[in-house]
Amino acid sequence: MMQKPKKMIVANWKMNVTSEKDAVGLFNSIKNVVSKLDYTQMICCPPHMYVNQVAKQANHKNYRVGGQDAYPEESGSRTGETSVLMMKNAGAEYVILGHSERRHLETKSDVARKVTAVLEHDMSPIICIGEETRDKNWKKTLQQQLKDVFNRVPKKNPENIIIAYEPIWAISSDKKNPATSTEYMEALEVIKKELQKIFKTATAVSKIRFLYGGSLDDKNIEDFLKNADVDGFLVGRVSHDPRILMTMFRLVEDHVHKELVEAITK
Ligand code: PEP
């Protein structure tokens, strides 16, 4: 039987960890538990300043490191930027791109250039897409966001591509208002259909991984595990709370284990 890839939990620490000591300490407090997981992998995305130090601790396949953004050119006169090459040299294998908290700072073609550069450096882009509200145009918004990226990106190595459906209304909302698994599945259908048109082959689309993100925590993750077809999760605010994160890992692990046992005993 072909082994399924592990479920991913991408921990987007955002700007919530503010010293190297805290970043390394937080990572080390989680990593021993994560190294023992059978079906789950953590991608830790610290602020740029700490990627290198965290990556030095990331000596196990269950926990890898990603950046929260990266500039598409390798080097040059770009004051304040961190290039994709710098991210890679610092030890990142993934880069979150097109996050809604950054979209106002960049154009659609910037996002596409970043995705291209990340893929060219044999890293994985975690491309965030999502509608602002569930109005009558929400499906078109998702379709357009996908076109804006993939019509400009070489269609190679789909196995390196990760798409995170992050409806803007659900991200970091004070009301803690995640999408439901039903809303995620509706979006996934739209996303897969559009990707099928863009990539023109179902095989390519089947290699892309899909995540959900937006106000997820240890209370609502089970809805997605039980009722959605999801390859993993992008977690923001609670991702620097080891207690909540550990519970989420445990829930994912138990769920996948139960599914495997059920498949064998059927
Ligand atoms: C995010 O920033 O990608 C995110 C999902 O944030 P939160 O979990 O805080 O909604």
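As the structure is a computational prediction, the values presented were derived from the model and not from experiment. (Residues numbered from 1 in each chain as written. Predicted model: local features only at pLDDT ≥ 70, side-chain atom pairs only at ≥ 80, totals over all residues. Heavy atoms only, no water.)

Caption draft 1: Examining the sheet that holds strand β6 (residues 162-165) more closely. Spatially, the eight strands close up into a barrel ordered β1-β2-β3-β4-β5-β6-β7-β8, and their pairing is parallel. Each adjacent strand pair in this sheet contributes to an overall mean axis angle of 25 degrees, direction not counted. Where strand β3 (residues 63-67) and strand β4 (residues 94-97) come together, two bridges link them in parallel fashion. Paired with Gly67 across the strands is Val95, a residue of β4. (Pairing = 2+ DSSP bridges. Helix = DSSP H or I, 4+ residues; strand = E, 2+ residues; numbered from the N terminus. Axes fitted to C-alpha atoms, helices over the stretch in contact; angles between N-to-C directions.)

Caption draft 2: Molecular detail of the side chain of Glu131. As for its placement among the helices and strands, Glu131 is situated in the loop between β5 (124-129) and α5 (138-150). Accessibility expressed as a relative area gives 0% for Glu131, which makes it buried. For Glu131, the side chain forms a polar contact with the side chain of Trp169, separated by 2.9 Å. What Glu131 contacts, discounting residues up to four positions off in sequence, is Trp138, Thr141, Leu142, Tyr165, Pro167, Ile168 and Trp169. (Buried < 20%, exposed > 50% of the residue type's maximum accessible area, 1.4 Å probe, protein only. Polar contact = N/O pair within 3.5 Å; in protein donor to acceptor, adjacent residues only side chain to side chain. Contact = heavy atoms within 4.5 Å.)

Caption draft 3: Structural detail: the pattern of salt bridges. On inspection of all chains with the given rule, the structure shows 16 salt bridges. We note a salt bridge from Glu106 to Lys114, for which the minimum N-O separation is 2.5 Å. Linking Lys226 and Glu222 is a salt bridge whose minimum nitrogen-to-oxygen distance equals 3.9 Å. Within this pair, Lys226 and its partner Glu222 are both found in helix α8 (residues 221-227), separated by four residues, close to a single helical turn. (Salt bridge = Lys/Arg side-chain N within 4 Å of Asp/Glu carboxyl O.)

Caption draft 4: Examining the packing of aromatic side chains more closely. Scanning the entire structure with this criterion turns up eight aromatic pairs. Ring centres of Tyr184 and Phe224 lie 6.2 Å apart, and the angle between their planes is 70 degrees; on these two criteria the pair is classed as edge-to-face. Of this pair, Tyr184 sits in helix α6 (residues 181-199) while Phe224 sits in helix α8, and the two are 40 residues apart along the sequence. Taken together, the aromatic side chains of Tyr165, Tyr184, Tyr212, Phe224 and Phe233 make up a single cluster linked through ring pairs. Looking at Arg134, its charged tip hangs above the ring of Trp138, at a distance of 3.6 Å from the centre. (Phe/Tyr/Trp six-rings, centres within 6.5 Å; stacked < 30°, edge-to-face > 60°. Lys NZ or Arg CZ within 6 Å of the ring centre and 35° of its normal.)

Caption draft 5: How the structure looks around the site of the ligand. Neighbouring the ligand are 13 residues, the closest being Lys14, His99, Ser172, Ser215 and Arg237. At 2.6 Å, a side-chain N or O of Lys14 approaches an oxygen atom of the ligand. The protein chains hide 99% of the 290 Å² of surface that the ligand would expose on its own. Taken together, the residues that form the shell around the ligand break down as three nonpolar, seven polar and three charged. (Near = heavy atom within 4 Å. Areas by Shrake-Rupley, 256 points an atom, 1.4 Å probe, with all protein chains shown as cover. Nonpolar A, V, L, I, M, F, W, Y, C, P; charged D, E, K, R; others polar.)

Caption draft 6: A look at α6. Between its first and last C-alpha atoms α6 spans 26 Å; for 19 residues at 1.5 Å apiece the expected length is 27 Å, and the two agree. The set of residues buried in α6 consists of Ser181, Tyr184, Ala187, Leu188, Val190, Ile191, Glu194, Leu195, Ile198 and Phe199. Among the structural elements, β5, α5, β6, α7 (202-207), β7 (209-213) and α8 are those in contact with the buried residues of α6. (Expected span 1.5 Å × (residues − 1).)

Caption draft 7: A look at the packing of helix α1 (residues 20-35) against helix α2 (residues 48-57). Interaxial distance between α1 and α2 falls to 9 Å at its minimum, and their mutual angle equals 30 degrees. The angle between α1 and α2 falls in the class roughly parallel. As for the relative orientation of α1 and α2, their crossing is right-handed in sense. Two secondary-structure elements touch here, α1 through Glu20, Ala23, Val24, Phe27, Asn28 and Lys31 and α2 through Tyr50, Gln53, Val54 and Gln57. Partitioned by chemical class, the residues of the contact of α1 with α2 number five nonpolar, three polar and two charged. (Parallel < 35°, antiparallel > 145°, perpendicular 65-115°, else oblique. Left-handed = near helix turned anticlockwise from the far one by under 90°.)

Caption draft 8: Structural detail: the side chain of Thr116. Position of Thr116 among the secondary structure elements: in helix α4 (residues 108-120). Look at Thr116 and you get buried, because its relative accessible area is 13%. Setting aside its immediate chain neighbours within four residues, Thr116 contacts Arg152, Val153 and Pro154.

Caption draft 9: Molecular detail of the nonpolar core. Phe150, Leu195, Tyr212 and Phe233 are the most contacted members of the largest nonpolar core, which totals 77 residues. Of all the elements, α6 adds the most residues to this core, at eight residues. Non-local contacts of Phe233, meaning those with residues more than four positions away in its chain, are made with Met8, Ile9, Val10, Leu211, Tyr212, Leu216, Ile221, Phe224, Leu225 and Val252. In terms of nonpolar packing, the next biggest core, distinct from the first, is built from 12 residues, Val10, Tyr94, Ile126 and Ile162 among them. (Core = buried A, V, L, I, M, F, W, Y, C linked by side-chain atoms within 4.5 Å.)

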